[in-house]
Amino acid sequence: MTYTHAHTASIALKLAHRGQLPLISICAIQFADTVVTWKDRYNSRRDLSTMSFGQLEDIGVTPDQALIEQHKPFWRA
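Colleague: What exactly am I supposed to notice about the pattern of salt bridges here?
Modeller: Where charged atoms of side chains with opposite charge meet at close range, the side chains can pair. Throughout the structure, instances matching the rule amount to 3 salt bridges. Between Asp47 and Arg46 there is a salt bridge, and its shortest N-O distance comes to 3.6 Å. Classification of Asp47 as partly exposed rests on a relative accessible area of 35%. Across the salt bridge formed by Lys72 and Glu69, the nearest N and O atoms sit 3.3 Å from each other. The exposure class assigned to Glu69 is partly exposed, which follows from its relative accessible area of 25%. Connected through salt bridges with shared partners, the residues Arg45, Glu69 and Lys72 form a single ionic network.

This is the structure:
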């Protein structure tokens, strides 16, 4: 089974919310989750800029939607 960031983060955050980890560990997990989420957004938005019209159409995104998404900063959902 391949683990993704979302799966790993889900497990870690569940442990953090149960109170089974020290506070510093909880903060580290949340920080790491945020950084990886930002990196994923940055990479996804960069990838949109290289897609052809046909590829965008395949994923159900218009060129205008792709342009708007590409120009969002990585920290904004």
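That was the structure; now back to the text.
Colleague: I would appreciate a short explanation of the side chain of Arg45 in the present structure.
Modeller: The residue Arg45 is located in helix H2 (residues 23-48) in this model. On the accessibility criterion, Arg45 (7% relative accessible area) is buried. Excluding residues that lie within four positions of it along the chain, Arg45 makes contacts with Glu69, Gln70, Lys72, Pro73, Phe74, Arg76 and Ala77.

Definitions and cut-offs
- Residues numbered from 1 in each chain as written.
- Predicted model: local features only at pLDDT ≥ 70, side-chain atom pairs only at ≥ 80, totals over all residues.
- Heavy atoms only, no water.
- Salt bridge = Lys/Arg side-chain N within 4 Å of Asp/Glu carboxyl O.
- Buried < 20%, exposed > 50% of the residue type's maximum accessible area, 1.4 Å probe, protein only.
- Helix = DSSP H or I, 4+ residues; strand = E, 2+ residues; numbered from the N terminus.
- Contact = heavy atoms within 4.5 Å.

Remember, this is a structural readout, not a statement about activity or role.
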